[in-house]
Amino acid sequence: MHEMSIAQSILDIVKQELEKNGLTTLIRVKIRFGQLTNTVPEALETGFMALTVETPFESAVFELEQIPARYKCFKCCEEFSPEHTGRVLVPCPHCGEELGHTVLAGKELYIDFIEAE
Amino acid sequence: MKVSVIRNVLEANDRLAQELKDLFAARGILVLNLMSSPGAGKTSLLERTLADLAGEFKMAVIEGDLQTDNDARRVAATGAQAVQINTEGGCHLNSSMIMEALKQLDIEGLDILFIENVGNLVCPAEFDVGEDSKVTLLSVAEGDDKPEKYPLMFNLSEASLLNKVDLLPYVDFDMDRAKGFMRALNKDIIIFGVSCKTKEGLEGWYDWLRTKRAAKKN
């Protein structure tokens, strides 16, 4: 349940950003996370709820968007997104190579923006 | 109003991890983050390693567990320095815990610091703790499909030990299948088949430690 730590880190950053911009009321926070991170959206939402209940952030909307995995083939260097998600062996659709692809996208975990007043 | 943030959620941990890396680099200490499910044999591997290489290296261990100091006591019995972190339910170690544990360690002249993470094949992979390399253990009793089911940890590990190979005659574990999954996730991963019980294969692991240690020193 490392999502609790992640939710806490998100809150810490949100508080810093509110202060930096002279804002007090959080309306929405948008998180983007890569498909290849071990992030479970439902657990992250639960963590955020647990940490904000009965605080000024309680009514804020917590929005999550997944970034699909994208690879560059080890053999033919073509870029592709795997047809099936959640599989270890991701054959390149161009040449069939299964091993050693470079991950171009899917490992991100960042706060995109906040809406506040 | 809308404020563009674009900040890495784990930036606070990453910043502390970099501080730790700088601290270890300045002293030439090799730091390894040891990860696995509970019971795969991390502490047994450390007991063997600390005892067998005691004459070659000065080593210390930071132990992470939810509760008890059982592991720190096991490791300390070899004569090595050991500090126990109890996460009280936390599923992984992070850099601030390592910073705190270092206050109880004498790192002067240390060659290798092992960080034995909380037994968990998922969460510890996400949090850097200032290590040079992540090392993942998998015991053959757990099943050869685990790298496929828990890919991130194997993807990020520089080396992996398949432990308890003495049990291979009794379990349905296909070594080639497990290694195939590991290499699909990380084509450069170095794999050792070992038994901490019989000591089979440990010499390869020790040689890798020697090479890593020499590289860090220079």
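In what follows, the structure referred to is the one given above.
Keep in mind it's a predicted model, so treat the numbers as computed, not measured.

> Please provide a residue-by-residue account of the sheet that holds strand β1 (residues 2-8) of chain B, values included.
In space, the four strands of this open sheet follow the order β2(A)-β1(A)-β6(A)-β1(B), with mixed pairing throughout. Two strands bound the open sheet, and with one partner strand each, they are β2 (61-67) of chain A together with β1 of chain B. Between one strand and the next, the sheet's axes are offset by a mean angle of 20°, whatever the strand orientation. As defined by bridge partners, strand β1 (residues 26-34) of chain A adjoins β2 of chain A across seven bridges and the pair is classed as parallel.

> An account of the packing of helix α1 (residues 11-27) of chain B against helix α4 (residues 95-102) of chain B is requested, with residue identities and associated values reported.
For the pair α1 of chain B and α4 of chain B, the least separation of the axes is 8 Å and the interaxial angle reads 35°. Here α1 of chain B contributes N13, L16, A17 and L20 of chain B to the contact with α4 of chain B, which in turn contributes S95, S96, I98 and M99 of chain B.

> Explain the interface of chain B and chain A residue by residue, including any values.
Each partner contributes to the interface: chain B provides 27 residues, whereas chain A provides 28 residues. Of all elements in the fold, only β1, α5 (146-149), α6 (151-156) and α7 (175-185) of chain B reach the threshold of two or more residues within the side of chain B that touches chain A. Examining the composition of the side of chain B that touches chain A, we find that seven residues originate from one element, β1 of chain B, more than from any other. As paired elements, strand β6 (residues 109-116) of chain A and β1 of chain B share five bridges and run antiparallel to each other. Bridge assignment links E115 of chain A to a residue of β1 of chain B, and that residue is K2 of chain B.

> Explain the sheet that holds strand β8 (residues 190-193) of chain B to me, using residue names and the numbers behind them.
Residue and element names in this part refer to chain B. Overall, parallel pairing links the seven strands, which are arranged β4-β3-β5-β2-β6-β7-β8 in an open sheet. Taken across any chain shown, the strands that pair with only one partner, and hence form the sheet edges, are β4 (81-86) and β8. Pairs of neighbouring strands in the sheet enclose a mean axial angle of 20°, with direction left out of account. Both strand β6 (residues 133-139) and strand β7 (residues 159-163) contribute to a ladder of five bridges, which runs parallel. Counted as the bridge partner of T136 is S160 from β7.

> Break down the nonpolar core for me, with residues and values.
Within the largest apolar cluster, 60 residues are counted, with the highest numbers of intra-cluster contacts made by V61, I62, L93, I98, L113, F114 and I115 of chain B. Among the elements that make up this core, the one with the highest residue count is α7 of chain B (five residues). For I62 of chain B, the residues in contact, after removing those within four places along its chain, are V83, I85, I98, A101, L113, I115 and E116 of chain B. Core analysis: the second largest hydrophobic core is formed by 20 residues, A7, I10, L109 and I111 of chain A among them.

The rules behind the values
- Residues numbered from 1 in each chain as written.
- Chains lettered and ligands numbered in written order.
- Predicted model: local features only at pLDDT ≥ 70, side-chain atom pairs only at ≥ 80, totals over all residues.
- Pairing = 2+ DSSP bridges.
- Helix = DSSP H or I, 4+ residues; strand = E, 2+ residues; numbered from the N terminus.
- Axes fitted to C-alpha atoms, helices over the stretch in contact; angles between N-to-C directions.
- Contact = placed C-beta atoms within 7 Å.
- Core = buried A, V, L, I, M, F, W, Y, C linked by C-beta atoms within 7 Å.
- Buried ≥ 20, exposed ≤ 12 C-beta atoms within 10 Å, placed from the backbone.

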